[in-house]
Amino acid sequence: MRRALLIAALLLLLFGGRIIASFVIEYQWWKELDQVPTWLEMLLYNIAPRAMGTLLAFALLWIAHARGMKFAGVNLGSHRAYAAISTLALLVIGFLLAAATIDTWTVVRYFGGRDLPAEATQWRDPVFALPLGFYLFDLPFYSLLRGYVLGLAIVAALVYWATARFWQLRAMLPEAPWTREGEAPVDIDLRTLLQGSLESKFLRVAAAIVLVVLAFQFYLGRYEMLTNDHGFMVGVDYVNEKISLPLQWLVILACIAAAVFASLGRWKLAAWMALALVARAVLPPAVNALYVRPNEISIQRPYIQAHIHATRSAYGLEQRSREIEFPAKLESRIAPSRHRPLLDNVRLWDWRAFHDTVTQVQALRPYYVFADTDVDRYPIDGNLRQVLLTPRELDIRQLADARQRWINPHFIYTHGYGMVMAEANRITSDGLPFLFVQDAPPQLKTASLRLTRPEIYYGEVVHEPVFVRTAQQEFSYPSGAENVFTRYDGRGGFPISSPLLRVAAAVREADFNILLTGYLAPESRMIIRRNVRQRLATLAGFIRWDTDPYLVLTDSGRLVWTVDGYTWSDAHPYSRGIRVAGTGGINYIRNSVKATIDAYDGTTRLYIFDPSDPIIQAYRRIFPKLFRPASEMPGDLRAHVRYPETLFSAQAEIYRIFHMLDPQAFYNKEDVWDIGRNVQGQDTRPVPLAPTYVVATLPGESKAEFLLLIPFTPRNKDNMIGLMVARCDGPHLGELMFYQLSK
């Protein structure tokens, strides 16, 4: 017994110690980001809804259990051991019920979505005239509440019945002689256990509650009809509005009547109410087949119209957008002087070829990698230039020998170094990119750029943890046959010198070298979550972060990562759903947030760029310290934000069909477009083009700007029919232009 207790204590200490250590390190990390209040709010929001649901369920289940014992004529106080065990079991059941039916974020978003500003509640559905927030926040919460109450009513009824019958059976067993050898078996009449069970007042009330909850479910079903998929459209159609919605009220009243009959014990009358369900199942398909189908286009016209505009609104195609008839003239002469910004920025380097070339000529050492290449624009020598840039990051996996020594990845090889930037439309006489920024230490070929902090402690290719400001100098960059070393001078990470923090870090990382090493000094700091996407996923995991962070060189010479964040939903009324990589099925999306992370010290900021989005407004109310308005973003970073490819691709997929505004043309799919296609590499099969960033001047404009564009072609043809353009610069960020060519 003592050995078992000792083992249990050791296990508790082991797992409990890991939890406590992780909690201590988490606190330090959130303190580093100056977001401890946000962290505490997240902990509260994750615990409070289920804790309250657990306590409420436990209280009601305990009452059901007590009533069951009373029905069996047993006093709970006279069975103390049973009372303790049953109380613990009911608490566990209550927790499992709450965990299965309560999504904490649904509850939190519901309260965060109260009293949103007017700009976030402008869109209203065409049937009930309710704002979008009702479908994003209220309806999911009411559905959750329905499931919780229904589950609780059913479990309470089962607890009551099982308790009463268990104690009835137990009371009968002592009176029955056990079968001995040679004796006839005793016959226990099970009908005695069922007698009067359905006449119990508690069970009648429980059945009535279940039926009322079903009535509430059918009431919510009225709103859920606005996401019905009919194939040719999504939303409430003619049959839904004229037949299904009235019948839904019939079913609701039938459920309420059945609840009244059940509470009175009139079970046959309650069962007759199911005829309403039969009518609800039979009449709509009959009306659709006999009346609507032969005249579908004319009857469904207003509903298709609502579907078109709701879908366009859900994907941001009707806000800050213009559709322009563009009469292209093939015989027109091009004036080179007029289109000089475009011609000077025609991209000659494909990013794949650029990446391969830079890897060969600028890696410097095998452990340096260029994980990604991004396209951006910079004012260079007075002109806006399109450039390709890629950070030089350190991949510890390429240092197999060095990895075998614990000190190398944690104290010496701690960061990448510098970047490579090339002009997109220039090639040297050797066939290489014309580099504005190259080598280590950085060599710059223009006075328009500065790079004062080339060290990359936070990026896409990282390892962790690393320790800085230690007794061991850090490798900075190679210089010929020698290496240059440095010492970290930023605010990234958190202090790790105290014995308590070292123990916590050692336990959390399961690495007791942290506790034993002599390299840690009083000013040493521990850096974790250096991957920019992981950092943001931990800080704001309720935002869907883009898979392609891009690096910005600021005016002061610092390197700063920028990452686009999306809010999305699959609950927008009347909107057609699509699948987007990383988010699954959606029918609403916004690029509401842009995050910046300093590559040297990890300073992280989240800026709201779409205040009209109700989802981000709800999160802003929930986490008031986490978000900042876009106006607070520094100007040198603001000059490099862009329209994200992920959102643009989703919008293009929708627009190729939903450019048809006429319901009849839309119904017949008369003018469906395809994304333009091209042949790439050695594969001769054409593939859809990816969105492309360019520097060009829009028709009617005089100034070159950074644009994102994609062409459309008619279905199964290769001649261009339209061009979708997103603007990225200044106050025009987020504007969409649709140039429709003559057919």
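To start, this report covers the structure provided alongside it. Note that the structure is predicted; figures quoted are calculated from it, not measured. (Residues numbered from 1 in each chain as written. Predicted model: local features only at pLDDT ≥ 70, side-chain atom pairs only at ≥ 80, totals over all residues. Heavy atoms only, no water.)

**Section: the overall build of the protein chain**
And then number 1: Along the protein chain, the regular secondary structure elements total 22 helices and 30 strands.
And then number 2: Each principal axis of the C-alpha atoms in the protein chain carries an extent, and together these give about 105 × 80 × 50 Å.
And then number 3: A fraction of 68% describes how many contacts in the protein chain between residues 6 or more apart in sequence connect residues 24 or more apart.
And then number 4: For the protein chain, the accessible surface area stands at approximately 36,100 Å², while carbon and sulfur atoms represent 59% of it.
And then number 5: The positive charge centre, built from 77 side chains, and the negative charge centre, built from 69, are 6 Å apart in the protein chain. (Helix = DSSP H or I, 4+ residues; strand = E, 2+ residues; numbered from the N terminus. Contact = heavy atoms within 4.5 Å. Areas by Shrake-Rupley, 256 points an atom, 1.4 Å probe, with all protein chains shown as cover. Lys, Arg positive; Asp, Glu negative; His and termini not counted. Charge placed at Lys NZ, Arg CZ, Asp CG, Glu CD.)

**Describing the side chain of Arg-392**
And then number 1: As for its placement among the helices and strands, Arg-392 is situated in the loop between strand S4 (383–391) and strand S5 (393–394).
And then number 2: Of the side chains with opposite charge, Asp-439 lies nearest to the buried Arg-392, which makes no salt bridge, at 5.5 Å.
And then number 3: At 2.9 Å, the side chain of Arg-392 forms a polar contact with the side chain of Gln-362. (Buried < 20%, exposed > 50% of the residue type's maximum accessible area, 1.4 Å probe, protein only. Salt bridge = Lys/Arg side-chain N within 4 Å of Asp/Glu carboxyl O. Polar contact = N/O pair within 3.5 Å; in protein donor to acceptor, adjacent residues only side chain to side chain.)

**Digging into helix H19 (residues 614–622)**
And then number 1: Among the nine residues of H19, seven are classified as buried, and the element is accordingly described as predominantly covered.
And then number 2: For H19, every residue scored as buried is listed here: Pro-614, Ile-615, Ile-616, Gln-617, Ala-618, Tyr-619 and Ile-622.

**Digging into the side chain of His-307**
And then number 1: Looking at where His-307 falls in the secondary structure, it is placed in helix H11 (residues 296–314).
And then number 2: Ignoring sequence-local partners within four residues, the contact set of His-307 consists of Phe-232, Met-233, Val-234, Tyr-574, Ser-575, Arg-576, Phe-658 and Phe-666.

**Focus: unusual backbone geometry**
Note: most peptide bonds trans; most residues except glycine with negative phi.
And then number 1: Ala-440 connects to Pro-441 through a cis peptide bond whose omega is 0 degrees.
And then number 2: Following the sequence through the fold, Pro-441 ends up in the loop between strand S8 (433–438) and strand S9 (443–444).
And then number 3: The step from Glu-464 to Pro-465 runs through a cis peptide bond, and the omega angle for that step is 0 degrees.
And then number 4: Located in the positive-phi region is Asp-381, a residue other than glycine, with phi close to 55 degrees.
And then number 5: Its place among the elements puts Asp-381 in the loop between strand S3 (374–380) and S4.
And then number 6: Accessibility expressed as a relative area gives 56% for Asp-381, which makes it exposed.

**Brief notes about the packing of helix H8 (residues 238–263) against H11**
Helix packing geometry: the angle between the two helix axes and the distance between the axes.
And then number 1: Where H8 meets H11, the closest approach of the two axes is 8 Å, and the angle between their N-to-C directions is 95 degrees. The orientation of H8 with respect to H11, classified from their angle, is roughly perpendicular. Facing Tyr-238, Glu-241 and Lys-242 of H8, the residues of H11 in contact are Ile-299, Gln-300 and Tyr-303. (Axes fitted to C-alpha atoms, helices over the stretch in contact; angles between N-to-C directions. Parallel < 35°, antiparallel > 145°, perpendicular 65-115°, else oblique.)

**Some points on the pairing of strand S13 (residues 482–486)**
A regular strand places its side chains on the two faces of the sheet in alternate fashion.
And then number 1: By the bridge criterion, five bridges tie strand S12 (residues 474–479) to S13 in an arrangement that is antiparallel. Residue pairing across strands places Pro-478 opposite Asn-483, the latter belonging to S13.
And then number 2: Counted between consecutive antiparallel strands, the loop separating S12 from S13 contains two residues, among which Gly-480 sits at a positive phi close to 65 degrees. (Pairing = 2+ DSSP bridges.)

**Side note on helix H2 (residues 36–71)**
And then number 1: Relative to the 52 Å expected for 36 residues at 1.5 Å per residue, H2 spans 52 Å between its end C-alpha atoms, a close match to the ideal helical length.
And then number 2: The sharpest bend along H2 measures roughly 25 degrees and falls at Ala-48, with the proline Pro-49 sitting one to four residues further on.
And then number 3: Immediately beyond the C-terminal end of H2, within one or two residues, lies Gly-73, with a positive phi of roughly 75 degrees. (Expected span 1.5 Å × (residues − 1). Bend = angle between axes of the 7 residues up to and from the residue.)

**Digging into the sheet that holds strand S11 (residues 466–468)**
And then number 1: The three strands lie next to each other as S11-S15-S14, forming an open sheet whose pairing is antiparallel. The open sheet has two free edges, formed respectively by S11 and strand S14 (494–495), since each of these has just one partner strand.

**Overview of the packing of helix H7 (residues 201–224) against H8**
And then number 1: Look at H7 against H8: their axes get within 8 Å of each other, and the N-to-C directions meet at 170 degrees. Accordingly, the angle class assigned to the pair H7 and H8 is roughly antiparallel. Judged by residue contacts, Arg-204, Ala-207, Ala-208, Leu-211, Val-212, Leu-214, Ala-215, Phe-218, Tyr-219, Gly-221 and Arg-222 of H7 engage Leu-245, Gln-248, Trp-249, Val-251, Ile-252, Cys-255, Ile-256, Ala-258, Ala-259, Ala-262 and Ser-263 from H8.
And then number 2: Of the residues belonging to the contact of H7 with H8, the class tally is 17 nonpolar, three polar and two charged. (Nonpolar A, V, L, I, M, F, W, Y, C, P; charged D, E, K, R; others polar.)

**Things to note about the sheet that holds S8**
And then number 1: The five strands are arranged S3-S4-S7-S8-S9 in an open sheet whose pairing can be described as antiparallel. Two strands in the sheet have a free side with no partner beyond their single neighbour: S3 and S9.
And then number 2: In the sheet, S4 pairs with strand S7 (residues 419–427) via five bridges, with the strands oriented antiparallel. Paired with Thr-390 across the two strands is Val-420, which belongs to S7.

**A few points about the packing of aromatic side chains**
And then number 1: Under the definition given, this model contains 48 aromatic pairs.
And then number 2: Between the NZ or CZ atom of Lys-445 and the centre of the ring of Phe-434, over which it lies, the distance is 5.2 Å. (Phe/Tyr/Trp six-rings, centres within 6.5 Å; stacked < 30°, edge-to-face > 60°. Lys NZ or Arg CZ within 6 Å of the ring centre and 35° of its normal.)

**Some details on the pattern of salt bridges**
And then number 1: The full count for this structure, using the stated rule, is 35 salt bridges.
And then number 2: Residue Arg-508 pairs with Glu-26 through a salt bridge whose shortest N-O separation is 4.0 Å. Taken together, the residues span a long stretch of sequence, with Arg-508 in helix H16 (residues 499–509) and Glu-26 in helix H1 (residues 2–32) at a distance of 482 residues. An identical accessibility class is assigned to Arg-508 and Glu-26; each is buried.
And then number 3: Close ionic contact of Arg-558 with Asp-601 constitutes a salt bridge, the shortest N to O distance being 3.4 Å. In this pair, Arg-558 sits in the loop between strand S17 (550–553) and strand S18 (559–569) while Asp-601 sits in the loop between strand S21 (588–598) and strand S22 (604–608), placing the two residues 43 residues apart along the sequence.

**What to know about the pairing of strand S29 (residues 722–727)**
And then number 1: Counting buried residues in S29 gives five out of six residues, a clear majority hidden from the surface.
And then number 2: Relative to S29, strand S28 (residues 705–714) is paired through six bridges, and the arrangement is antiparallel. Residue pairing for S29: Leu-707 is matched across the bridge by Arg-727.
And then number 3: Relative to strand S30 (residues 736–741), S29 runs antiparallel, the two being bridged by five bridges. Bridge pairing in S30 places Val-725 opposite Met-737.

**Quick look at the environment of Leu-264**
And then number 1: By the secondary structure assignment, Leu-264 is in the loop between H8 and helix H9 (267–272).
And then number 2: Put simply, Leu-264 and Ala-208 are 56 residues apart on the chain and 9.3 Å apart in space, counted from C-alpha to C-alpha.

**Thoughts on the environment of Ala-59**
And then number 1: Relative to the elements of secondary structure, Ala-59 occurs in helix H2.
And then number 2: Using a relative accessible area of 35% as the deciding quantity, one classes Ala-59 as partly exposed.
And then number 3: Each C-alpha atom, one on Ala-59 and one on Leu-91, is 8.7 Å from the other, the two residues being 32 residues apart in sequence.

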